Amino acid sequence: MKIIFLLFSSFFLLSACDKYSDSKLAEGYSSLSAPKLINAENKPGGDTTVSIKPFVSFQLPAANLDNNLRPTFHAGKALANQPWVKAPTITTARDGLGPIYNARTCLSCHIKGGKGFIPTDNKTPLTSTLVRLSLLPSFSTLTKEEQATAIKKSGNIDHPVYGDQIQSQSISLAHQLRHSQKPGRIKHDVAPEAYIHINWIEKTFIYPDQHQVTLRAPEIDFQYLGYGSLGKGTVFSLRVAPMIHGMGLISLISEHDILALSDEQDENQDGISGRPNYVWDAGKQTTAMGRFGLKANKPTLDMIVAGAFANDLGINNPLAPNQPCTALQASCSNIANGNDENGFELPADLLQLVVNFNRDLAPVQRRNSHDKNVLAGRELFYQVGCNQCHNPRFTTQKSSVSAHLSEQIIWPYSDFLLHDMGPDLADGRADFLASGNEWRTPPLWGVGLLSQVNGMATLLHDGRARTVEEAILWHGGEAELAKNRFIVLEKKDRERLIAFVNSL
Ligand code: HEC
Ligand code: HEC
């Protein structure tokens, strides 16, 4: 049986001409113009920036990383890049995979430090893209108090059987052989939670100048469920793995600078009301501002890496001590694990190595910044108002721990705030303060290199956009006005704006 969930509420049908009147275009338009181009913009990560030669990837260490820190970077990279195996084995340093998991390595999702892959057809199973899930509070059997604690600590209410993420792989031999067998007929000792495929629903967007673009939106297609029905009141969020370079620089942006960009009540009445997410920091046992994850659902790099080990690889650790199995998945909970004497598959010092590897991954230098079309596109980026959320520039704070990341002028093109992006991009799943409509503005540094790094660009939270143009056309909600200003540009100006984004 196929169970199909619609991820988007309705298709916005753009009968373009009546919507994009000159009066809309005029609002706030003249006040936005680009500052003068400065040389520092060529180095998105300041002194950490690496050259694109000899090969394009986002897995190089910061250019200014001290020689004596390089061996640690490479040790962390090895832990992020080499496959983990199931316990028990003789290689106790790398065992503990699963029992259920999504991938054996970090970099099989964050491919070469870039984005995850999303299948283009319904035959290929989902591997480097996650499905998160939760239960709407009105369907939960937990008491009000228990619900409040769950929401405070994990951002929403876990599905009682499947938890907060579908793990589509398991260590069972039957599963490892699955590609030669029909789903559903295999006997598992530990079943994977689901086999997930994607159906693409296409539609055509027509510009006022009649130029056409094909857009596609994903539908989740669960072809096998290992632990029974998902039941009513379950909400899903399909999330492609984001780029992971420049994370240490993002950690060092001051909260003050992020808050200065927020305008929760839209007091300047520009239709944009970015606000921070406040989330659980298990390390400090307190609520803190979120800046990592697609809904800014994690406060620190330690938290996101620890959570990735536990939930994506099934490797528990001091900051994320639980295995991915829930209490209702007995076959999963009872299996041998790779715990050390402290009860963890990954000890704190090895976790720190991977955190440091992520911290030191470098942004790549800009290309073609002086090209005349790119320069014109830069001007348009500000005029249209893309910079109102994709905030170009920050200066990192001073840090005694990471001198190489200290006081750098950086160009991530994000405000790290949540924005309502309208019903077409909504997943309907809350994540701490983020509503089902809200997403964190993603950094744009490196976006133009994705098709070289990954062989394909998978833009937006679920990878639906294959080009910058498609990504812009999906913008809605608070970004509706900027999108509309883009749509009414002449084709050659649209191409210039896109060329600028691709040069970042
Ligand atoms: C199955 C695919 C998958 C695997 C494996 C995986 N990740 Fe991720 N990663 C994601 C997704 C999806 C997100 C976005 C999470 C969210 O929004 O909830 C993410 C987010 C991140 C981020 C935050 C990026 C940002 O822009 O804020 C970092 C850093 C990261 N992962 C590092 C790691 C590390 C280190 C590992 C290995 C321990 C790992 N990931 C394993 C899919 C994966
Ligand atoms: C109101 C805030 C806002 C404005 C204005 C805005 N964006 Fe975005 N942008 C976002 C958010 C939030 C996302 C993530 C949405 C998602 O993942 O579903 C995003 C995603 C993107 C992406 C995809 C990046 C990736 O890695 O997946 C691109 C490219 C992009 N925006 C470019 C632009 C351009 C160009 C403009 C101006 C025409 C613009 N944006 C205006 C908030 C904004």
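Please refer to the structure placed before this passage.
Sequence order as written defines the numbering, with residues in each chain counted from 1. Labels follow written order: the first chain is A, the first ligand is 1, and so on. Per-residue local features of the predicted model are confined to residues with pLDDT of at least 70, and side-chain atom pairs are confined, for both listing and counting, to 80 or more; whole-chain, interface and lining totals are unaffected and use all residues. Water and hydrogen atoms play no part in the side-chain values, which are based on all heavy atoms of the structure.

Participant: Sorry if this is basic, but what is going on with the packing of helix H8 (residues 301-313) against helix H10 (residues 348-360) here?
Facilitator: The relative placement of two packed helices comes down to the angle between their axes together with the axis-to-axis distance. At a minimum axis separation of 9 Å, H8 and H10 run at an interaxial angle of 120°. It follows that H8 is oblique to H10 by the angle criterion. Considering only the axes of H8 and H10, their crossing is right-handed. Contacts from Leu-301, Asp-302, Val-305, Ala-306 and Phe-309 of H8 reach H10 at Leu-351, Gln-352, Val-354, Val-355, Asn-358 and Arg-359. Counted by class, the contact of H8 with H10 contains seven nonpolar, two polar and two charged residues. Think of each axis as a best-fit line through the C-alpha atoms, taken over the contacting stretch in the case of a helix, with angles from 0 to 180 degrees between the N-to-C directions. Put simply, DSSP marks the helices as runs of H or I at least four residues long and the strands as runs of E at least two long, and each gets a number from the N terminus on. Small angles under 35 degrees read as roughly parallel and large ones over 145 as roughly antiparallel, with 65 to 115 read as roughly perpendicular and the rest as oblique. Take the far helix as your reference; a near helix turned counterclockwise from it by less than a right angle gives a left-handed crossing, and one turned clockwise gives a right-handed crossing. Whether two residues are in contact is decided by their heavy atoms, any of which lying within 4.5 Å being enough. Polar here means any residue other than Ala, Val, Leu, Ile, Met, Phe, Trp, Tyr, Cys and Pro, which are nonpolar, and Asp, Glu, Lys and Arg, which are charged; Gly is therefore polar.

Participant: Looking at this structure, I do not really get the site of ligand 2. What am I missing?
Facilitator: Around ligand 2 there are 26 residues in total, and Cys-386, Cys-389, His-390, His-461 and His-475 lie nearest to it. Residue Lys-115 places a side-chain N or O atom 2.7 Å away from an oxygen atom belonging to ligand 2. His-390 places a side-chain nitrogen or oxygen 2.8 Å from a nitrogen atom of ligand 2. Of all elements in the fold, only strand S13 (438-440), helix H13 (468-474) and helix H15 (491-502) reach the threshold of two or more residues within the shell around ligand 2. Considered class by class, the residues forming the shell around ligand 2 number 17 nonpolar, six polar and three charged. One heavy atom suffices: a residue is near a molecule or strand as soon as one of its heavy atoms comes within 4 Å of it. Polar contact is the term for a pair of N or O atoms within 3.5 Å; when the atoms are in protein, one must be able to donate a hydrogen and the other to accept it, and sequence-neighboring residues count only if both atoms are side-chain atoms.

Participant: Explain the coordination of the iron atom of ligand 2 here, please?
Facilitator: Metal sites are built from N, O and S donor atoms within 2.8 Å, or 3.2 Å for Na, K and Ca, and they leave out water, so they may look incomplete. Around the iron atom of ligand 2, the protein contributes the donor atoms His-390 (NE2) and His-475 (NE2), at 2.1 Å from the metal centre. Between 85 and 135 degrees for all angles marks four donors as tetrahedral; over 155 degrees for opposite donors together with 65 to 115 for all other angles marks four donors as square planar and six as octahedral; every other arrangement is irregular. Classification of the site at the iron atom of ligand 2 as octahedral follows from its six donor atoms and the range of 89 to 179° in their angles at the metal. Of this pair, His-390 sits in the loop between helix H11 (372-384) and strand S10 (394-395) while His-475 sits in the loop between H13 and helix H14 (480-487), placing them 85 residues apart in sequence. In this pair, the class of His-390 matches that of His-475, namely buried. Think of it in three bands: with a 1.4 Å probe and only protein chains considered, a residue is buried below 20% of the maximum accessible area for its type, exposed above 50%, and partly exposed in between.

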